[in-house]
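Residues per chain are reported as follows:
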Amino acid sequence: MTDRTTGTTGPSRAATVRRRGRGGAPALLLAPFFVLFTAATLVPIGYAVYLSLFTERRSGLGFGAPETVFTGLANYGRALGDPAYRDGYLTIAQYCLLYIPVMVCLSLAVALLLDSVLARAKRFFQLALFLPHAVPGIIAALVWTYLYTPGISPVLDALSGAGAQLDVLGHPLPAVVNMAVWEWTGYNMIIFFAALQAVPREVLEAAVVDGAGALRTAFSIKVPLIKASIAMVGLFTVIGSLQLFTEPVILRGASPGVTSTWTPNMYAYTAAFERNDYGLAAAASVLLALAAALLSYVVTRATRGRSARRTEATR
Amino acid sequence: MSTHAKQHRPWALSKAAVNGALVLVTLYTLLPLGWLLTASAKNTPDLLGGNTLTPGNFHLGQNLHDLATADGGIYWRWYLNSLLYAGGGALLCAFICVCAGYAFEVYRFRGKEKLFGLVLVGVLVPTTALALPMYLLASEVGIVNTFWAVFLPSLVFPFGVYLSRIFVAGYVPGEVLEAARMDGAGELRTFWSIGLKMVMPGFVTVFLFQFTAIWNNFFLPLVMLSDTKLFPVSLGLYSWNSQTHAEPQFYPLVVTGSLLAVLPLVIAFVALQRHWKAGLTAGSVK
Amino acid sequence: MSASRTSGRRALRLTATLTASALSITLLAACGSGGSSDAAPASDGQPVTITFWGWAKGTKEVVDAFNASHKDVQVNFEQIPSGVAGGYAKISDASKAGNAPDVFNVEYAALPDFVSQGAVQDITKLVSTDLKAKYLPQAVELTTLAKAQWALPLDAAPQALFYRKDLFEKAGITTAPQTWDEYRADAQKLKAANPNTRIGTFFPDDPSTFEALSWQAGAHWFTGQQDTWSVDINSSQTKSVTDYWQQMVADDLVRVQPSFSQQWTASLQKGETAAYLGAAWGGGVLKSTLASTPDASGKWAVAPIPSWDGKPASGMLGGSVFAVSKNSKKAKAAVEFATWATTTPEGIKARIASGTSSLFPADPELIPSAKAAFNTDFYGGQDIYSVFVDSSKSIRPGWTWGPTMGLTNNAMKDVFGKLGQGGTIQSAVDAAQQGTIAELKNRGLKVAQ
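None of these values were measured; they are calculated from a predicted model.

Conventions adopted
Throughout, residues of each chain are indexed from 1 in the direction in which the sequence is written. Chain letters and ligand numbers both follow the written order, the letters beginning at A and the numbers at 1. For a predicted model such as this one, the threshold for reporting local features is a pLDDT of at least 70, and the threshold for listing and counting side-chain atom pairs is 80 or more; totals across whole chains, interfaces and linings nevertheless cover every residue. A run of H or I in DSSP counts as a helix once it spans at least four residues, and a run of E counts as a strand once it spans at least two, with each numbered from the N terminus. Backbone-placed C-beta atoms define the burial measure: a residue is buried with 20 or more other C-beta atoms within 10 Å of its own, exposed with 12 or fewer, and partly exposed in between. Our contact criterion uses C-beta atoms placed from the backbone: two residues qualify when those atoms are within 7 Å. Helix span, expected: 1.5 Å multiplied by one less than the number of residues in the helix. What the bend at a residue measures is the angle between two axes, fitted to the seven residues ending there and to the seven starting there. Note that Gly is not counted as nonpolar here; it falls among the polar residues with everything else outside the nonpolar set of Ala, Val, Leu, Ile, Met, Phe, Trp, Tyr, Cys and Pro and the charged set of Asp, Glu, Lys and Arg. A pair of strands counts as paired when DSSP detects no fewer than two bridges linking them. Summary of the metric used: pLDDT quantifies the predictor's per-residue confidence within the range 0 to 100. Axes here refer to lines fitted to C-alpha atoms; in helices the fit is confined to the stretch in contact. Angles between the N-to-C directions go from 0 to 180 degrees. Definition of nonpolar core: a set of buried Ala, Val, Leu, Ile, Met, Phe, Trp, Tyr and Cys residues joined via C-beta atoms within 7 Å. Just so you know how the angles are binned, under 35 degrees is roughly parallel, over 145 roughly antiparallel, 65 to 115 roughly perpendicular, and the rest oblique. Note: crossing handedness is left-handed where the near helix turns anticlockwise from the far helix by less than a right angle, and right-handed where it turns clockwise.

## Remarks on the overall build of chain A
Right, so step 1: Of the regular secondary structure elements, chain A holds 13 helices and three strands.
Right, so step 2: Counting across all 315 residues of chain A, residues that qualify as buried make up 49%.
Right, so step 3: At a minimum sequence separation of 6, the contacts of chain A that also span at least 24 residues come to 72%.

What follows is the structure in structure tokens.
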């Protein structure tokens with residue numbers, strides 16, 4: 001799962017002289033990508049839309065061969081009418097409300113600390129903070145599940161030794177949020193840090209001359225200057241959040257509060273593999289892709305507007 | 001910087017505060033990794049008894065031996081599969097992306113920006129929303145539970161095309177291409193011998209990104225594969241973790257197996273720092 | 001050759017006759033391409049190789065023993081996670097993709113679901129009346145759906161109470177509880193003796209214990225008459241079970257932990273959970289779960305499951321069958337293997353002697369073999385099989401599993417998972433009732449109101 005965090009603008013300046021394609025060279029170079037893109041993105045979506053229009057029906061006590069009937073949009077009605085499916089989106093919304101502010105603030109704070117002249121061993125800190133991103137989500141979830149389990153976790157044992165009882169497994173939402181914060185803070189910190197490094201030095205020197213302290217410089221000068229990066233990270237994280245699957249699935253083994261339909265992805269998976277209801281699974285997936293497309297549209301709109309303004313400003 | 005000299009004590013204090021805060025956050029990021037390191041040397045009772053951070057009762061050798069022999073040594077098979085899916089997939093994928101990115105940057109053709117817009121939409125469609133439709137299609141076509149069911153979808157990486165276009169713009173000067181063209185070199189030859197070579201650092205970045213993504217992918221192999229011999233490490237560890245239900249002797253195997261599965265990525269990230277930083281910043285700091 | 005030694009195995013004898021000449025021919029290849037038809041071994045002398053998925057304890061040993069004693073059929077075994085832990089999803093997935101194994105294990109409760117999905121083959125023609133007569137009638141009943149035979153039963157799963165004798169004694173309890181009232185009183189005594197000790201666990205991730213307890217209480221969740229289902233999940237019998245366990249949870253007399261999870265295993269290891277409400281097969285599972293724990297052995301004992309009125313009564317908790325997958329072309333060989341594994345002393349001995357299984361054979365003739373093979377040191381030498389035999393006689397007849405158990409279980413455990421956050425067992429039961437009826441209707445089936 002990559003978080004496609006970058007990608008605000010298309011390449012703004014072309015370093016090369018553009019030339020007309022000759023001898024079909026561009027077509028040849030583009031073909032592999034677009035053939036695969038069609039096969040692995042466009043066709044599956046089309047096929048899912050097709051499947052979502054059918055339902056299997058049985059007769060008698062249900063032990064005979066099923067028959068597939070066209071049911072139009074009925075599967076969409078069933079998915080949207082199922083409180084469990086709607087709750088999945090609610091889970092995602094709550095997750096975002098908790099996760100995005102925490103993760104963005106933390107990674108921004110760390111980036112500002114690293115950007116400060118006071119920080120030492122910057123390369124070491126960057127690497128150490130980024131390392132969790134190299135850990136596969138499933139392994140991160142496995143390790144954290146151990147660390148969440150009372151009687152097994154050395155952390156919880158130490159806390160309860162100090163008199164603090166934490167029931168993490170009883171609260172799956174914060175438990176999953178913590179896993180995500182751990183995995184993504186370093187990643188986004190690097191983006192913020194790079195943006196901070198690009199802030200023109202003259203602007204900062206002017207602030208020092210004006211007598212602004214380090215904290216004031218950080219919050220009233222540096223942060224506003226990298227607002228576009230922050231907005232972008234926030235919005236792309238929303239899209240990544242729609243995909244939530246691996247972490248809750250692993251946590252489910254220890255925390256039954258995570259239901260089989262906890263996120264829309266889990267709902268689709270359960271429909272396909274535990275209920276064998278492919279029509280419903282297809283409908284749930286198509287709706288999820290639609291939701292993602294809608295959000296993507298908002299994202300591109302919002303970031304395009306912002307970056308255009310930013311380009312104006314720096315010119 | 002003369003202000004700092006005047007206020008020497010507060011400066012030292014805030015220096016301690018800044019670095020102290022950084023150390024705290026680093027502790028948070030490194031603690032689970034440290035736990036993984038010590039826990040992989042534990043046997044089942046110690047693991048479930050919570051004695052994981054203490055040294056002593058060192059069973060790493062035993063765990064590695066069990067890991068190598070469990071289910072007929074299938075762990076190494078999973079490891080090889082992962083290397084094949086991630087290594088082969090990312091290599092081919094990076095090449096495909098650079099081809100497309102080069103074409104987008106160097107040539108002018110009709111409908112180009114529309115096509116590039118399609119790539120950008122692809123960047124934004126979540127991959128896991130596609131996994132289930134891909135499964136449904138693959139089972140219709142009959143390639144479910146084959147190597148290709150996991151390998152082919154990993155070659156598609158729209159964000160890599162986007163990155164490649166930026167890298168080509170940055171690394172491949174138009175004059176060089178123009179000169180090659182004057183010398184009468186064919187378009188594909190120019191791409192192969194000049195363009196590809198000059199954009200190599202970008203190629204490595206795209207490779208690294210996709211390698212991580214494939215190595216970490218879980219949902220796609222989960223829905224596509226049922227034959228354990230085709231599993232990548234992530235799915236293999238998941239299936240072993242399910243077996244701990246009735247067979248606690250699998251707990252140490254999962255933990256030790258996890259540690260080994262993390263190593264190649266950690267090494268890659270430490271060794272290739274320059275490249276992932278370049279990738280992360282290419283889009284945002286222009 | 002040992003297969004033909006046991007008399008009365010018609011299917012086997014038939015196969016043996018068919019292969020008699022084939023056996024003398026040199027074995028050529030190991031790879032099983034011999035599945036050209038429904039028939040037994042191809043005449044070129046190559047053994048039929050069938051694939052088999054399962055997770056029950058000791059299965060690998062059974063397969064090894066079978067392969068060592070059979071030349072006509074060879075079994076390729078793959079261990080999969082238990083059904084609820086992902087095994088069922090894996091079988092469904094493979095079945096849809098057309099690469100299901102020839103034969104696989106499912107629990108009784110899941111069989112109707114798999115039949116309804118079209119994943120299982122009707123093996124009525126391959127199962128003789130003699131063979132059927134070998135199994136407990138309750139087990140045959142549960143594998144017969146719409147008058148056809150769909151699977152061969154491996155074990156019956158009479159319920160039992162596993163408990164730590166030493167911890168019970170320390171709390172002043174001298175005999176195992178016989179009624180649910182006594183069970184509750186003992187729970188209080190155990191907790192009073194040590195505030196960290198609980199008598200048992202409510203498993204929110206797996207409703208099968210709750211289902212077996214409802215069965216024991218006399219509920220009938222599903223009834224199929226002609227072409228109409230009636231669904232009585234929220235019946236009054238279920239309600240007595242619901243109310244009892246709700247109170248146990250509310251009074252903190254049992255833990256709420258996922259079954260066979262890290263927490264559960266850890267609390268057993270530390271002696272913080274003093275008993276386990278399981279079934280016959282649980283004896284082996286418990287033993288291997290605690291195998292690496294020092295000084296656990298010898299402290300456990302087995303008692304009949306408590307009942308409401310003190311008279312013996314039991315449901316069935318789990319219990320597995322061998323089902324042949326829809327597209328297998330080697331059904332005959334698969335049935336031969338399943339017959340051997342479920343009705344021969346060799347098959348059952350191999351399983352029990354692995355030391356990890358204590359299942360209760362669905363073929364009662366095999367109980368002496370199972371008993372002789374099980375090492376009871378872990379239970380202080382107790383004759384645990386006689387407890388299981390008594391319990392098996394008290395299994396209430398007439399229970400039927402519906403064709404939507406995957407959905408029913410999910411509906412129930414999704415609400416069970418919220419027990420800590422204001423959810424109740426009753427609301428889980430209601431959710432299961434409603435969800436099940438909706439699903440049956442969606443499949444186009446008739447439901448009695």
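Don't stop here, the text continues.
## Focus on the overall build of chain C
Right, so step 1: The helix and strand tally for chain C stands at 19 helices and 17 strands.
Right, so step 2: Long-range contacts, defined here as pairs at least 24 residues apart, represent 75% of the contacts in chain C between residues at least 6 apart.

## Digging into helix α3 (residues 83–115) of chain A
Right, so step 1: Between its first and last C-alpha, α3(A) extends 47 Å over 33 residues, near the 48 Å set by a 1.5 Å rise per residue.
Right, so step 2: The largest bend in α3(A) comes to about 25 degrees, at C96(A).

## Some points on the interface of chain B and chain A
Right, so step 1: In this assembly, 94 residues from chain B lie in contact with 94 residues from chain A.
Right, so step 2: At 14 residues, the largest contribution of residues to the side of chain B that touches chain A is made by helix α2 (residues 8–39) of chain B.

## A few points about the interface of chain A and chain C
Right, so step 1: Contact with chain A, which involves 26 residues of that partner, is made by 34 residues of chain C.
Right, so step 2: Residues belonging to the side of chain A that touches chain C are distributed by class as follows: nine nonpolar, 13 polar and four charged.

## Describing the environment of G24(A)
All names here are of chain A.
Right, so step 1: On the secondary structure map, G24 appears in the loop between β1 (19–20) and α1 (25–51).
Right, so step 2: Of the residues examined, G24 has 11 C-beta atoms within 10 Å and is grouped as exposed.
Right, so step 3: Residues G24 and F192 lie 168 residues apart in sequence; the distance between their C-alpha atoms is 41 Å.

## Some details on the pairing of strand β10 (residues 222–225) of chain C
Right, so step 1: The two faces of β10(C) differ: F222(C) and G224(C) on one face are buried, but T223(C) and Q225(C) on the other face are not.
Right, so step 2: From the end of β10(C) to the start of strand β11 (residues 228–231) of chain C, which pair antiparallel, there are two residues, and Q226(C) there has a positive phi angle of about 50 degrees.

## A closer look at the pairing of strand β14 (residues 300–304) of chain C
Residues and elements named next belong to chain C.
Right, so step 1: Counting buried positions over the five residues of β14 gives five, a clear majority of the element.
Right, so step 2: Bridge count between strand β8 (residues 159–164) and β14: five bridges; the pairing is antiparallel. For L161, the partnering residue across the bridge sits in β14 and is A303.

## Points about the confidence of the model for chain C
Interpretation of this model should avoid reading the predicted coordinates in detail wherever pLDDT is low.
All names here are of chain C.
Right, so step 1: Confidence in the prediction for chain C averages 88 pLDDT; 90% of positions are at 70 or higher.
Right, so step 2: Within the model, pLDDT remains below 50 along residues 1–42, and this stretch shows 66 contacts once partners closer than five positions in the same chain are excluded.
Right, so step 3: Interface confidence for the predicted complex, given as ipTM, is 0.87, next to a pTM of 0.86.

## Regarding the sheet that holds strand β1 (residues 48–54) of chain C
Residue and element names in this part refer to chain C.
Right, so step 1: Taken together, the five strands give an open sheet; going across it, the order is β2-β1-β3-β15-β6, and neighbouring strands pair in mixed fashion. At either margin of the open sheet sits one strand with a lone partner, and together these are β2 (73–79) and β6 (151–153). Averaged over neighbouring strand pairs, the angle between their axes works out to 25 degrees when direction is ignored.
Right, so step 2: Bridge count between β6 and strand β15 (residues 320–324): three bridges; the pairing is antiparallel. Bridge pairing links P153 to V321 in β15.
Right, so step 3: The strands touched by helix α3 (residues 59–69) are β1 and β2; relative to β2, the strand with the most contacts, the crossing angle is about 165 degrees.

## Describing the environment of D130(C)
Residue and element names in this part refer to chain C.
Right, so step 1: In this structure, D130 sits in helix α6 (residues 129–134).
Right, so step 2: C-beta crowding within 10 Å serves as the criterion here: with 11 such atoms nearby, D130 is assigned to the exposed category.
Right, so step 3: For the pair formed by D130 and N76, sequence separation is 54 residues and the distance between their alpha carbons is 28 Å.

## Some remarks on the confidence of the model for chain A
All names here are of chain A.
Right, so step 1: Considering every residue of chain A, the mean pLDDT works out to 84; 88% of them sit at 70 or more.
Right, so step 2: The secondary structure element of chain A with the lowest average pLDDT is β1, at 56, and the one with the highest is helix α2 (residues 74–81), at 95.
Right, so step 3: In the model, residues 1–17 has pLDDT below 50 throughout and makes 60 contacts with residues more than four positions away in sequence or in other chains.
Right, so step 4: Contacts of residues 308–315 to residues separated by more than four positions or lying in other chains number two contacts, the stretch itself having pLDDT below 50.

## As for the nonpolar core
Right, so step 1: Counting 325 residues, the largest nonpolar core has A284(A), C97(B), A100(B), V103(C), L111(C), A323(C) and F337(C) as its most contacted members.
Right, so step 2: Excluding residues within four positions of it along the chain, A284(A) makes contact with A79(A), Y85(A), P264(A), Y267(A), A268(A) and A271(A).

## Focus on the packing of helix α10 (residues 208–216) of chain C against helix α11 (residues 236–250) of chain C
How two helices sit against one another is set out by the angle between their axes and by the gap between those axes.
All names here are of chain C.
Right, so step 1: The interhelical angle for the contact between α10 and α11, taken along N-to-C directions, is 125 degrees, at an axis separation of 8 Å. Judged by the angle between their axes, α10 and α11 are oblique. The two elements α10 and α11 cross, and the hand of that crossing is right-handed. When α10 is examined against α11, the residues F210, L213 and S214 are found in contact with a partner set consisting of Q237, T238 and V241.
Right, so step 2: By residue class, the composition of the contact of α10 with α11 is three nonpolar, three polar and no charged.

## Some details on the sheet that holds β14(C)
Sheet strands pair by backbone hydrogen bonding; their relative direction is either parallel or antiparallel.
Residues and elements named next belong to chain C.
Right, so step 1: A sheet is described by the order of its strands in space; here three strands give the open sequence β13-β8-β14, paired in antiparallel fashion. If you trace the sheet from one side to the other, it starts and ends with β13 (275–279) and β14, each paired once. For this sheet, the mean angle separating the axes of adjacent strands, direction not counted, is 30 degrees.

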